[in-house]
Amino acid sequence: MLKQPRQASLNFILMTIFLDVLGIGLMIPVLPALIGSLTDSDHMQAYWFGALAATYGIMQFFCTPLLGALSDRYGRRPVLLISIFGLGISHIMTAASNSLPILLLSRVLSGATGATFSVANAYVADITSPEERGKAFGKIGAAFGIGFIFGPVIGGSLGAINLHLPFFVAAALSLCNWLYGYFVLPESLNLEKRNPIQWQKANPFGALLHLGQLKGVGILVFVFACSALAQFILQNTWVLYTELRFNWTPQQNGIALFVVGFTSALTQGVLMSRLLTYFGEMRLAIVGMASSAIINLAYGLTTQSYVLYGLILLNFLSFAANPALNTVISKASSEREQGLTQGALNAINSIMIVIAPIIGASLLASVSDLAKDDWRMGITFFVTATLQLFAVLIALWHVKNNTKTR
């Protein structure tokens, strides 16, 4: 169990994750329209939307391992507060943008300071025992899911009033959170546990090599990458797919995203402890990815759109896979390098954010002219199911050859 001061710190971390995801969710329904107001054609709008998404992902890829390493050296508190403050400033820049270069610069700043998730995970690793860590990571996932439930709904409502309003609200939330953290957030990493910056590891490639060299981890890096790529392809193509195949409206997709957020929050916030006790961390990750592979296949094969809602609920175990796998990798890392480890994991996510839309959009484009009941319309889900199955097979091979993760 967490001691009271540590519970208060964990609550702040959970609130930080919630507010950050809420801020991101506020932007989802209005950012394309904001870009459209600054461009002259649909083609340029799509081009700049892709460029901004790629810029954010690339900056995250290069900067999060560095910021994680900085948190190992100087403590979690200053890096976390800088990250929150930078996010608030980037929201202000986006809200005040009257040109595409300024909008691009805001995404550069947001990506460069976007260490919130990796440093927050490292903070949680500092204040929890290895036995409690999986449950705590599950709570982080639940905070993420709750933020994802409300963010797009609120953002769409505020955007109907004024396109810039959601960004000002997101900025206010971030800066208030920064102010609160500045006065109440204690440092989690003791001076004797701090680690000098190793510059050969404080870059994405060195950080990934560091992950692969962790005892008991090794090939699990590829498991994490395959699963992450599958998740981001699904996330990036879901709306376009349902529009193409089922003529879904934004309201129908909004309901589906609400169900996703609800299922995620329920699994990670309520069921996580029981699931970890029943399966154990490594087996839970494998079961979750296997569930995802099966349900993704069903997504692609179904020709009845209402079935998708039920499949989301049936896929609840998939939401436990990431925090369980994160816990396995975190336990393999020393207390002095939790920031670097979490930064490296976030770097993997970041580069997958860049790659996933390219793969997903190309796959959907290749089947966009087919009949809606043609089974090939589900090609994106068949690919994501294959990636998850591949991740499961690698993980099973790892478990067979490494008794420490059984």
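Sequence order as written defines residue numbering, which begins from 1 separately in each chain. Only residues with pLDDT of 70 or above have their local features reported here, since the model is predicted, and side-chain atom pairs are shown and tallied only from 80 upward, although totals for entire chains, interfaces and linings are computed over all residues. Only hydrogens and water are removed before side-chain values are computed, so all heavy atoms of the structure are retained for them.

1. Examining the packing of aromatic side chains
Think of it this way: a Phe, Tyr or Trp ring, Trp meaning its six-membered ring, pairs with another when their centres are within 6.5 Å, and the plane angle makes it stacked under 30 degrees, edge-to-face over 60, tilted otherwise. Scanning all chains against the criterion turns up 14 aromatic pairs. Between F85 and W178, the ring centres sit 5.0 Å apart and the planes meet at 55 degrees, which makes this aromatic pair tilted. You can see F85 sitting in helix α4 (residues 76-96) and its partner W178 sitting in helix α8 (residues 165-184), a full 93 residues away along the chain. The exposure class assigned to F85 is partly exposed, which follows from its relative accessible area of 35%. The exposure class of W178 is partly exposed, given its relative accessible area of 24%. With 5.2 Å between their ring centres and 15 degrees between their planes, W248 and Y309 make a pair best called stacked. With a gap of 61 residues between them, W248 in the loop between α10 (220-246) and α11 (250-279) and Y309 in helix α13 (residues 307-314) connect regions that are remote in the sequence. By the ring-pair criterion, three or more aromatic residues cluster together here, those being W238, Y241, F246, W248, Y299, Y309 and F381. Put simply, a charge is over a ring when the Lys NZ or the Arg CZ is close to the ring centre, within 6 Å, and near the line of the ring normal, within 35 degrees. Over the aromatic face of Y182 sits the side chain of R77, whose NZ or CZ is 5.7 Å from the ring centroid. Counting from the N terminus, the helices are the DSSP runs of H or I reaching at least four residues and the strands are the DSSP runs of E reaching at least two. Relative accessibility thresholds used throughout: buried, under 20% of the residue-type maximum; exposed, over 50%; partly exposed, between the two (1.4 Å probe, protein chains only).

2. Focus on unusual backbone geometry
Even without being glycine, N247 reaches a positive phi, approximately 55 degrees. Within the secondary structure, N247 sits in the loop between α10 and α11.

3. Considerations on the nonpolar core
If you look at the biggest cluster of nonpolar residues, it comprises 40 residues, and the most contacted ones within it are L211, V223, M282 and L325. Looking at this core, the elements that each hand over two or more residues are α10, α11, α12 (281-301), α14 (318-332), α15 (338-367) and α16 (379-401). With 11 residues, the top contributor of residues to this core is α10. Beyond its immediate sequence surroundings of up to four residues, L211 is in contact with V217, G218, V221, I329, T341, A344, L345 and I348. By nonpolar core is meant a set of buried Ala, Val, Leu, Ile, Met, Phe, Trp, Tyr and Cys residues that side-chain atoms within 4.5 Å join together. Among the nonpolar cores identified, the runner-up in size contains 20 residues, and L14, V21, I127 and I140 belong to it. By definition in these notes, contact holds between two residues if any of their heavy atoms fall within 4.5 Å.

4. Here's the deal with the packing of helix α6 (residues 116-127) against α15
Remark: α6 packs on α15, axes separated minimally by 8 Å, with the N-to-C direction vectors making an angle of 140 degrees. Here α6 lies oblique to α15, going by the angle between them. As for how α6 packs across α15, the hand of that crossing is right-handed. The segment α6 lies against α15, with F117, S118, N121, A122, A125 and D126 engaging Q338, G339, Q342, G343 and N346. For the contact of α6 with α15, the per-class residue count stands at 3 nonpolar, 7 polar and 1 charged. In this description, a line fitted to the C-alpha atoms serves as the axis of each element, helices being fitted only across the stretch in contact, and the angle between N-to-C directions of two axes falls anywhere from 0 to 180 degrees. Angular relationships are summarised with four words: roughly parallel below 35 degrees, roughly antiparallel beyond 145, roughly perpendicular across 65 to 115, and oblique for the angles in between. Two helices that cross are described as forming a left-handed crossing if the nearer one is turned anticlockwise from the farther one by less than a right angle, and a right-handed crossing if clockwise. Three residue categories are used. Nonpolar comprises Ala, Val, Leu, Ile, Met, Phe, Trp, Tyr, Cys and Pro, charged comprises Asp, Glu, Lys and Arg, and polar comprises the others, including Gly.

5. Topic: the environment of E281
Assignment of secondary structure puts E281 in helix α12. Each C-alpha atom of the pair E281 and A53 lies 32 Å from the other, and the pair is 228 residues apart in sequence. Non-local contacts of E281, meaning those with residues more than four positions away in its chain, are made with P130, L276, A324, T327, V328 and K331. At 2.7 Å, the side chain of E281 forms a polar contact with the side chain of K331. For this analysis, a polar contact is any N or O atom pair within 3.5 Å, provided that within protein one partner can donate a hydrogen and the other can accept it, and provided that sequence-adjacent residues contribute only side-chain to side-chain pairs.

6. Some remarks on the pattern of salt bridges
Here, a salt bridge means any Lys or Arg side-chain nitrogen found within 4 Å of an Asp or Glu carboxyl oxygen. On inspection of all chains with the given rule, the structure shows 4 salt bridges. The closest approach of N and O atoms between K331 and E281, which form a salt bridge, is 2.7 Å. Note that K331 is positioned in helix α14 and E281 in helix α12, a separation of 50 residues in sequence. Judged by its relative accessible area of 35%, K331 falls in the partly exposed class. A salt bridge links D374 to R376, with the shortest nitrogen-to-oxygen separation between them at 2.9 Å. Of the residues examined, D374 reaches a relative accessible area of 15% and is grouped as buried. Note on R376: relative accessible area 40%, which makes it partly exposed. Taken together, the shared-partner salt bridges connect D72, R76 and D126 into one network.

7. Brief notes about the environment of G280
Within the secondary structure layout, G280 lies in the loop between α11 and α12. C-alpha separation for the pair G280 and G25, spaced 255 residues apart in sequence, amounts to 32 Å.

8. Topic: the side chain of S106
Mapped onto the fold, S106 is located in helix α5 (residues 100-112). In this structure, S106 is in contact with S90, M93 and T94, ignoring residues within four places of it in sequence.

9. Quick word on the confidence of the model for the protein chain
On average, residues of the protein chain score 84 in pLDDT, and 94% of them are at 70 or above. Looking at the elements of the protein chain, mean pLDDT is at its lowest for helix α9 (residues 204-213), recorded as 71, and at its highest for α12, recorded as 96. For every residue, the predictor assigns a confidence score, pLDDT, that lies between 0 and 100.

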